[in-house]
Every structure is written in structure tokens, then in C-alpha cells.
Amino acid sequence: MTLSTALKTGDLSALPSRRDEDWRWTDLRGLLKVLPPVAPAHDGEVPAGPFAGLADAETLFVNGRRAGASDVASGVVALRFVALADKASQGASHALVVKPGESLVLLESHEGRAGAYVSDVALDIAVGEGASLERIVLVDDEAEAVNVVTAEVALAPGAKFAQTVLTSGARRQRIETRVRHPGAHAEVRLDGAYLLDAQRHADLTSVVTHGGLDGVTSQLTKGMVTDQARGVFQGRIVVEKGADQTDARMGHHALILSDKAEIDAKPELLIFADDVSCAHGNTIGALDDEVLFYAKQRGIPEADAKAMLTVAFVGEVIERIEHEGARAVAAAWVARKLGSDA
């Protein structure tokens, strides 16, 4: 059951619902009673993306259609998905292969420049033996949009895959990453940050399946919800039989800044091997009242103090971004979303 199937066939029964365990907090069938018409082609100019000036090459999708493409699979590449049609549906798919021994930085952006659209993006990523890929994903949807982004990632022995997802949510939004980890000294870093206000919803779901010896996974997700927003974190690390000496760590930590906001978290470790080192942590709380009081005594308005503290809280995720230019863009995005100059 997927949104992409529903968009292709028009069959709303193909949409996932709360009856599907992995979708119980991101119900699409109960939300979408009718699918909007397919977005028209766009022949005009497209505004620059958030990573403008940082990439050696760019692949662009507008309203679900490929508008420009590059065959470059090393260096720094921008991958943009832009919605420019109101109340329209769009679907796109893209495959990316990083050849053995190569290195790639993927600056991926999902740009909502229209209202109430429905979007589905499917990515198929393969990282070759000894290759490395850093994927930075900035999702800036319009408030009434519905957007699902799914990445299937396959790693070869000795590959390195690092990912950071940054999102401010939408009416319904799900960003899902599924990694096939071979062990064999391959390494995965899987990070995310969500900053949600109003009635925005973001679902960060991931599955990492360790299938062989000597694999490493490190995962850190941080979030903030306020007003009537809802954040969802589902992280699953599977260590299959025979995947001994796996080292897997998962952490999800979030702030709730409103009585009407909600966070649903489900971290999971499924371990079928013996000689492993695995752990997960999950904390959800509020900002420290004593620190806010101290800031107020120093003449800092409460709203500014909350923004500064939240920027610092999320900062750990931002600092793990390896590409310097992308890290600066991410830090500026966080500060802007929180109304801080930090």
C-alpha cells in the first residue's frame, strides 16, 4: 500500500491507513478522500534552490517531471524536487549509483512553492564497494501539502553512507529511509531534525537491516513541536542472524513546547545475533524552566530564549553534517525556522 500506487491508478484503497502498523500515526487514507489532478508541465523559470552555488551539477524535477539532469555521480550534486502547481498531484522517481571507490555529496531539496499539492518521491540509491555518500535532505513543504519521500539504499562492503534530514513538516509528511547494510566494515550515519509548528505533521521513519559481520550504524534524531503540531519518529535497526560484531546506536530526543502538540516515537532494535553492541535511547520533554528563568533575569525575552535553547538542542545534529557549505545552509535554516539569529 503506497501513495505512488494510488497516484498511478487512482485507487484510494491503495493508500496506507492507521490499520497499517508502520503508518498508524500517518494515516493517508483517512485524510485523502479524493486525489487532485496531475500537475501540469512547467516551462518557465524555476527559482534557485536552498543549496544554490554549492553543487557541481544539478538534477531537477518540477511538478514530478524531470526538467534537467546530470550524469555526474561524484563530487557535489544537487537533486531538487519542486512543486509549482496548486492543488495538483505529482510523482517522481530517481536512481543514483555511486561507483566503487567514488565519493559523492548529495544536496537534496524538496521545495513546496505551491499550495495543497500531493507529492510522492521514490529514490533508489546504491553505494559501491569502498564508496561514500553523504546525503543532506532539506524538506520545505507548504503547510497544506501531502508529501511522501522514500529512499531505498543498498550498500556494498566497505561503503559509507551518511544522511541528515531536515524538515518543517506539512499537512501530512513522511520521509522514509530503508538501508540494506552488508556489514563488512560498511558504516551508516542516519540523522534527522524536525521543527514543527501550527498543525504541521512530520514522520521520520527508517529501517536499517544488518545482514553481515562487522557493520556500524549511528543514528541521531532531534525534534521540536509546538502549537498543535505532531512529530513521528520510527526507527528500526534489524541485526540478522550471523551479523555478529554489529555496532548499532540509535537516539531520538525531542522537545514539546505546547500542551496541544504531540510526539509519537517508536525506536526498535531487533537482534537475532549474539556478539553485538547495540543500544537505543528516547527522551521527550520540555525546555528547562530554570534556564528560561535565568534568561529572563538577564533581560532576554522568553520567545528569544526558547529559540536560542532549541537552536542549541538541534545543533548536535547539524554539527554532524560533514560538508561545510551544507552545514552552514542547515544552520541558517534552523535559525530561520526558529526565529533566532543564532
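Residues numbered from 1 in each chain as written. Predicted model: local features only at pLDDT ≥ 70, side-chain atom pairs only at ≥ 80, totals over all residues. Heavy atoms only, no water.

A. View of the overall build of the protein. Assigned secondary structure in the protein consists of 4 helices and 17 strands. For 342 residues, the compact-globule estimate of 2.2 N^0.38 gives 20 Å, and the protein sits close to it at 20 Å. Considered along the principal axes of its C-alpha atoms, the protein spans approximately 55 × 55 × 45 Å. Across the 342 residues that make up the protein, the buried fraction comes to 52%. (Helix = DSSP H or I, 4+ residues; strand = E, 2+ residues; numbered from the N terminus. Rg over C-alpha atoms; globule rule 2.2 N^0.38 Å. Buried < 20%, exposed > 50% of the residue type's maximum accessible area, 1.4 Å probe, protein only.)

B. Up close: the packing of helix 3 (residues 302-319) against helix 4 (residues 324-337). With their axes 10 Å apart at the nearest point, helix 3 and helix 4 run at an angle of 160 degrees to one another. Comparing their axes, helix 4 and helix 3 come out roughly antiparallel. Every pair of crossing elements has a handedness; the one defined by helix 3 and helix 4 is right-handed. Only Arg 327, Ala 330, Ala 331, Val 334 and Ala 335 of helix 4 make contact with helix 3, whose side of the interface consists of Val 311, Val 314, Ile 318 and Glu 319. A class-by-class count of the residues in the contact of helix 3 with helix 4 yields 7 nonpolar, no polar and 2 charged. (Axes fitted to C-alpha atoms, helices over the stretch in contact; angles between N-to-C directions. Parallel < 35°, antiparallel > 145°, perpendicular 65-115°, else oblique. Left-handed = near helix turned anticlockwise from the far one by under 90°. Contact = heavy atoms within 4.5 Å. Nonpolar A, V, L, I, M, F, W, Y, C, P; charged D, E, K, R; others polar.)

C. Region of interest: the sheet that holds strand 11 (residues 187-196). Strand order in the open sheet made by the 10 strands is 2-1-3-5-7-9-11-13-15-17, with mixed pairing throughout. The open sheet has two free edges, formed respectively by strand 2 (65-68) and strand 17 (277-285), since each of these has just one partner strand. Neighbour to neighbour, the strand axes of the sheet diverge by 10 degrees on average, direction disregarded. With 8 bridges joining them, strand 7 (residues 132-140) and strand 9 (residues 160-167) adopt parallel strand pairing. (Pairing = 2+ DSSP bridges.)

D. Structural view of unusual backbone geometry. Backbone geometry places Asn 63, a non-glycine residue, at a positive phi of 55 degrees. Inspection of the secondary structure assignment puts Asn 63 in the loop between strand 1 (57-62) and strand 2. We note that Gln 245 has phi near 60 degrees; this positive angle belongs to a residue other than glycine.

E. Region of interest: the sheet that holds strand 10 (residues 172-181). Taken in spatial order, the 7 strands make up an open sheet running 4-6-8-10-12-14-16, and their pairing is parallel. Only two strands of the sheet have a single neighbouring strand rather than two, namely strand 4 (89-98) and strand 16 (262-271). Sheet twist, expressed as the mean angle between neighbouring strand axes with direction ignored, is 5 degrees. Taken together, the 8 bridges between strand 10 and strand 12 (residues 201-210) define a ladder with parallel strand orientation. If you follow His 181 over to strand 12, its bridge partner there is His 210.

F. Inspection of the nonpolar core at higher detail. Of all hydrophobic cores here, the largest spans 45 residues; its most connected members are Val 127, Leu 133, Leu 155 and Phe 161. Ignoring sequence-local partners within four residues, the contact set of Leu 133 consists of Val 98, Leu 104, Leu 106, Ile 125, Val 127, Lys 160, Phe 161 and Ala 162. Within the second largest apolar cluster, 25 residues are counted, among which are Leu 195, Leu 255, Val 317 and Ile 321. (Core = buried A, V, L, I, M, F, W, Y, C linked by side-chain atoms within 4.5 Å.)

G. Representation of helix 4 in the model. Spanning 14 residues, helix 4 covers 20 Å between terminal C-alpha atoms, matching the ideal 20 Å at 1.5 Å per step. Looking at helix 4, one finds that the buried residues are Gly 325, Ala 326, Ala 330, Trp 333, Val 334 and Ala 335. Residues of helix 4 that are buried sit in contact with strand 5 (103-112), strand 7, strand 9, strand 11 and helix 3. Directly after helix 4, the chain includes Gly 339, whose backbone phi takes a positive value near 65 degrees. (Expected span 1.5 Å × (residues − 1).)

H. Up close: the pattern of salt bridges. Applying the stated criterion across every chain yields a total of 23 salt bridges. Among the salt bridges present, the one from Asp 191 reaches Arg 189, with a minimum N-O distance of 3.0 Å. Like Arg 189, Asp 191 is buried. Among the ionic pairs, Arg 320 bridges to Asp 191, the shortest N-O distance being 2.7 Å. Taken as a pair, Arg 320 in the loop between helix 3 and helix 4 and Asp 191 in strand 11 lie far apart in primary sequence, 129 residues in all. Judged by relative accessible area, Asp 191 falls into the buried class, the value being 3%. A cluster of three or more residues bridged by salt bridges with shared partners is formed by Glu 134, Arg 189, Asp 191, Arg 320 and Glu 322. (Salt bridge = Lys/Arg side-chain N within 4 Å of Asp/Glu carboxyl O.)

I. How the structure looks around the packing of aromatic side chains. In this structure the tally under the stated criterion is 1 aromatic pair. With a centroid separation of 4.9 Å and 15 degrees between ring planes, the pair formed by Phe 61 and Phe 81 is classed as stacked. Linking Phe 61 in strand 1 with Phe 81 in strand 3 (residues 75-83), this pair joins segments that are 20 residues apart in sequence. In this structure, Phe 61 and Phe 81 share a single accessibility class: buried. Looking at Lys 222, its charged tip hangs above the ring of Phe 313, at a distance of 4.5 Å from the centre. (Phe/Tyr/Trp six-rings, centres within 6.5 Å; stacked < 30°, edge-to-face > 60°. Lys NZ or Arg CZ within 6 Å of the ring centre and 35° of its normal.)

J. Layout of the environment of Asp 247. Along the chain, Asp 247 turns up in strand 15 (residues 247-256). When the C-alpha positions of Asp 247 and Asp 214 are compared, they lie 7.5 Å apart, and in sequence the two are 33 residues distant. Once residues lying within four places of it in the same chain are set aside, the contact partners of Asp 247 are Gly 215, Val 216, Thr 217 and Ser 277. At 3.1 Å, the side chain of Asp 247 forms a polar contact with the side chain of Arg 249. (Polar contact = N/O pair within 3.5 Å; in protein donor to acceptor, adjacent residues only side chain to side chain.)

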